[in-house]
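# Structural characterization, general
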2 protein chains.
Amino acid sequence: MRDKATSFDIAYMAGVSQSTVSRALRNSPQVNKETREKVQAIARQLNYKVDKNASNLRQQRSSTLALLLFEDPTTDESLINPFFLSMLGSITRACAKRSQDLLVSFQQLSDDWHADYEDSNKADGIILLGYGDYKDYEEKLHKLLAQETHFVCWGAEVLGHPEFTLRSNNREGGRLAGEHLLATGHKKFAFVGNASEGSPEFSARYLGFIDALNKAGISAAQVPHFDAISTESAGDKATEQLLAGRHQVDAIFCASDLIAIGVMRCLKRRNLRVPEDIAVMGFDDIPVASFATPALSTIQQDTTQAGELLVNNLLQLINNQPITVSQIEPKLIIRQSCGFNRT
Amino acid sequence: MRDKATSFDIAYMAGVSQSTVSRALRNSPQVNKETREKVQAIARQLNYKVDKNASNLRQQRSSTLALLLFEDPTTDESLINPFFLSMLGSITRACAKRSQDLLVSFQQLSDDWHADYEDSNKADGIILLGYGDYKDYEEKLHKLLAQETHFVCWGAEVLGHPEFTLRSNNREGGRLAGEHLLATGHKKFAFVGNASEGSPEFSARYLGFIDALNKAGISAAQVPHFDAISTESAGDKATEQLLAGRHQVDAIFCASDLIAIGVMRCLKRRNLRVPEDIAVMGFDDIPVASFATPALSTIQQDTTQAGELLVNNLLQLINNQPITVSQIEPKLIIRQSCGFNRT
DNA sequence: CTGAAAGCGCTTACAG
DNA sequence: CTGAAAGCGCTTACAG
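Treat the numbers as computed from the prediction; the structure is a model and nothing was measured.

Turning to the overall build of chain A, a few remarks are in order. Counting its regular elements, chain A contains 12 helices and 12 strands. Taking 2.2 N^0.38 as the reference for a compact globule, 343 residues should give roughly 20 Å; the C-alpha atoms of chain A span a radius of gyration of 25 Å, well beyond that estimate. Along the first, second and third principal axes, the C-alpha set of chain A runs to 85 × 40 × 40 Å. Buried residues in chain A amount to 57% of all 343 residues. Here the contacts in chain A between residues at least 6 apart in sequence split such that 73% fall between residues at least 24 apart. In the structure as shown, chain A presents an accessible area of about 15,100 Å², 48% of it carried by carbon and sulfur atoms. The positive charge centre, built from 36 side chains, and the negative charge centre, built from 41, are 6 Å apart in chain A.

To continue, consider the environment of Thr165 of chain B. All names here are of chain B. By secondary structure assignment, the location of Thr165 is in strand E5 (residues 165-168). Each C-alpha atom of the pair Thr165 and Ser326 lies 8.5 Å from the other, and the pair is 161 residues apart in sequence. If sequence neighbours within four positions are ignored, Thr165 has contacts with Cys153, Gly155, Ala156, Glu157, Val158 and Ser326.

The subject of this paragraph is the pattern of salt bridges. Residues and elements named next belong to chain A. Applying the stated rule across the entire model yields 26 salt bridges over all chains. Glu240 is paired through a salt bridge with Arg269; the nearest N and O atoms lie 2.7 Å apart. A residue pair is termed long-range when its members are at least 10 positions apart, and Glu240 in helix H9 (residues 232-244) and Arg269 in helix H10 (residues 257-269) qualify at 29 residues. Here Glu240 falls in the partly exposed class, since its relative accessible area comes to 25%. Taken together, the salt bridges that share partners define one network made up of Arg171, Glu172, Arg175 and Asp211.

Facing the 48 residues of chain A at the interface are 47 residues of chain B. Summing the contributions of chain A and of chain B, the shared interface buries around 4,600 Å²; its carbon and sulfur component is 54%. Here chain A and chain B share 2 salt bridges between them. Put simply, Asp101 of chain B and Lys122 of chain A hold a salt bridge, and the shortest N to O gap is 2.9 Å. Here chain A is connected to chain B by 12 residue pairs in polar contact (both at pLDDT 80 or more). For the side of chain A that touches chain B, the elements supplying multiple residues, two or more each, are helix H4 (52-59), strand E1 (64-71), helix H5 (82-97), strand E2 (101-108), H10 and helix H11 (287-291) of chain A. The leading source of residues in the side of chain A that touches chain B is E2 of chain A, at 6 residues. Split by residue class, the side of chain A that touches chain B holds 17 nonpolar, 14 polar and 17 charged.

Okay, the protein's contact with DNA strand D next. Taken together, 28 residues surround DNA strand D, and among them Ser7, Gln18, Ser22 and Arg58 of chain A together with Arg23 of chain B come closest. In DNA strand D, atoms within 4 Å of the protein come 57% from sugar and phosphate. A distance of 2.7 Å is found between a phosphate oxygen of DNA strand D and a side-chain nitrogen or oxygen belonging to Tyr48 of chain A. The separation between a phosphate oxygen of DNA strand D and a polar side-chain atom of Thr35 of chain B is 2.8 Å. Put simply, the parts of the chain that give the surface near DNA strand D at least two residues each are helix H2 (18-25) and H4 of chain A together with helix H2 (18-25) and helix H4 (52-59) of chain B. Split by residue class, the surface near DNA strand D holds 8 nonpolar, 14 polar and 6 charged.

Before going further, it helps to examine the protein's contact with DNA strand C. Around DNA strand C, the structure places 27 residues, and the nearest of them are Thr20 and Arg23 of chain A together with Gln18, Ser22 and Arg58 of chain B. If you look at DNA strand C and keep only atoms within 4 Å of the protein, 57% of those are sugar or phosphate atoms. Residue Ser19 of chain A places a side-chain N or O atom 3.1 Å away from a base nitrogen belonging to DNA strand C. Arg58 of chain A has a polar backbone atom sitting 3.5 Å from a base oxygen of DNA strand C. For the surface near DNA strand C, the secondary-structure elements that each account for two or more residues are H2 and H4 of chain A together with H2 and H4 of chain B. Residues belonging to the surface near DNA strand C are distributed by class as follows: 7 nonpolar, 14 polar and 6 charged.

All right, on to the pairing of strand E3 (residues 125-129) of chain A then. Residues and elements named next belong to chain A. Burial of E3 is extensive: 5 of the 5 residues sit out of reach of the surface. A two-sided burial pattern is seen for E3, the buried positions comprising Gly125, Ile127 and Leu129 on one face and Ile126 and Leu128 on the other. Taken together, the 3 bridges between E3 and strand E4 (residues 151-154) define a ladder with parallel strand orientation. Across the sheet, residue Leu128 finds its bridge partner in E4, namely Cys153.

Residues and elements named next belong to chain A. Look at helix H7 (residues 170-183): 20 Å from first C-alpha to last across 14 residues, which is about the 20 Å you get at 1.5 Å a residue. Taken together, the buried positions of H7 are occupied by Asn170, Gly173, Gly174, Leu176, Ala177, Gly178, His180, Leu181 and Ala183. Looking at the residues trailing H7, positive phi occurs at Gly185, about 85°.

Rules used in this analysis
- Residues numbered from 1 in each chain as written.
- Chains lettered and ligands numbered in written order.
- Predicted model: local features only at pLDDT ≥ 70, side-chain atom pairs only at ≥ 80, totals over all residues.
- Heavy atoms only, no water.
- Helix = DSSP H or I, 4+ residues; strand = E, 2+ residues; numbered from the N terminus.
- Rg over C-alpha atoms; globule rule 2.2 N^0.38 Å.
- Buried < 20%, exposed > 50% of the residue type's maximum accessible area, 1.4 Å probe, protein only.
- Contact = heavy atoms within 4.5 Å.
- Areas by Shrake-Rupley, 256 points an atom, 1.4 Å probe, with all protein chains shown as cover.
- Lys, Arg positive; Asp, Glu negative; His and termini not counted.
- Charge placed at Lys NZ, Arg CZ, Asp CG, Glu CD.
- Salt bridge = Lys/Arg side-chain N within 4 Å of Asp/Glu carboxyl O.
- Buried area = accessible area lost by both parts, 1.4 Å probe.
- Polar contact = N/O pair within 3.5 Å; in protein donor to acceptor, adjacent residues only side chain to side chain.
- Nonpolar A, V, L, I, M, F, W, Y, C, P; charged D, E, K, R; others polar.
- Near = heavy atom within 4 Å.
- Pairing = 2+ DSSP bridges.
- Expected span 1.5 Å × (residues − 1).

What follows is the structure, encoded as structure tokens:
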């Protein structure tokens, strides 16, 4: 078995006290330069690493953030939403930049959350990520609040604490989608995605979409709306309904790319061409969007920026610093699924 | 500020010693049932959680595993290989099952690895994941070995320690691919993917592919081979080369799905139909595979099983238990990109 | 600039 | 079955 060196070993070898070793290793300015260099050289040589548990215990903080990715239990378990995976990537990188470790955990929305990360001092704060019905976890959010846990979350609003939430300007995103569909010459629109109270992000996208249509003289009443959670199969099923209803539709705005993929699959099965017969617009810009045929036009959410803001805001919270409410600005990505501008 | 309860607070409230509290909370059989229940009730009531840092420090282990996802620096940074993302998901779940926390970190292959997770007692062991050139990190693997770090890795073999590696039976997978391409009536084959020493997994897939072709009387010399790392753009470029060389090819076996997606994109751009003109076969079965048009036939690697084995093996290693060399059995997934069986 | 000492919150041998 | 005590490896006020 290997025996790890401790600060006492180094102290012995350097001929100084253990306190001095600790100070030297933390680059304390009050330790003599030569002493510091000697100590650091020995530490390197012994491949010494500060014991995190001891250090954390003593300092009462962990330099670790926890990421809770929760999934809607109705979702196909094997397929984690690619959008969150991409967020995970950027959060990881953002943590590395700020020298934080990242504890990752997937949770079912229905689970009794293991949100005890902070209580057990494993993490200094928590990042919450996940679609799913907002109402389902509102209660849990408030429990976190009551426990004074430091947390930050994507999408869902925490009543009374807008600063804890980061999200895209979804309404603006919906507007961009609507404008593009209009600019590409479409006339009869539909929306696919849950736009109820339980899905604040989807609702905002819907509202923005309607904003754009209104400007063109189209009212919300003229836009059929089909519910779908953010999965491919939900998009597929919603499209079956739409088609069965014999609506006159030449453009569908989907609340997420995953839904859009499902919509396109259904359309293809029913021998409808995209974009010639029906245009399809997504939201998120997940990797599949560009691989789809035709490539999916969509509204991009900048996950790199989102990850960094999430991490930075959480760190501010932990350090009792103020944070400002901010939003990610969505961006229109034009590919092939909506045809070309006719303006 | 909230003040966290300690085991002393509980001891005081329960009228017992702190040692008894500790024992009761860990369900020690030697503590009186009533005492135990009383203590646990109070702990629940105070929302008490054992301080992980203190507990780990005392026990000299962390119940935490670290996952190092390293990427080839040449790869597009924003697009993490979906196959590894899916592994990440299953590893997370496997960790949860075994009550382990998971620390996640992305590393560039070129970085000075932050593989000091175990040295600093943050994790009891490390899981290594990543494509990229094997030779580049062989040295690093041996450093881990020298430090007696507990680790397990996907794909790449650790010389002298086959038990540390888990991977698919890649050769068998290649064989399945070859057989399917043969069964669907194809005659002129090509392979796209690095099959050099630096890519042991891709090489094995190539070899298995050739095994199958040999049985049908086709020699390796008749199969043109184009290098590509595991990205879409590499697959696209390799296909341009293939087409420029005017090879007579009616089927391409790609070392990964990402490569296959790139190959199909190039084929489409060059107005070649899949599978009518050229069949395309992938490897991995990442989510995009089923979304592609035509849907990609591929060799599936069972990531759920892989994740569990990786975690279980690592835990065995940590506990000084023996582990057996095992392989994931690949599975042929027939979709549309190779046409239909003609046998 | 450096050292001796206290203490973070647990777990566990030891004694009873 | 329970308690008093030691100790895991650090960091940091305190004293010099």
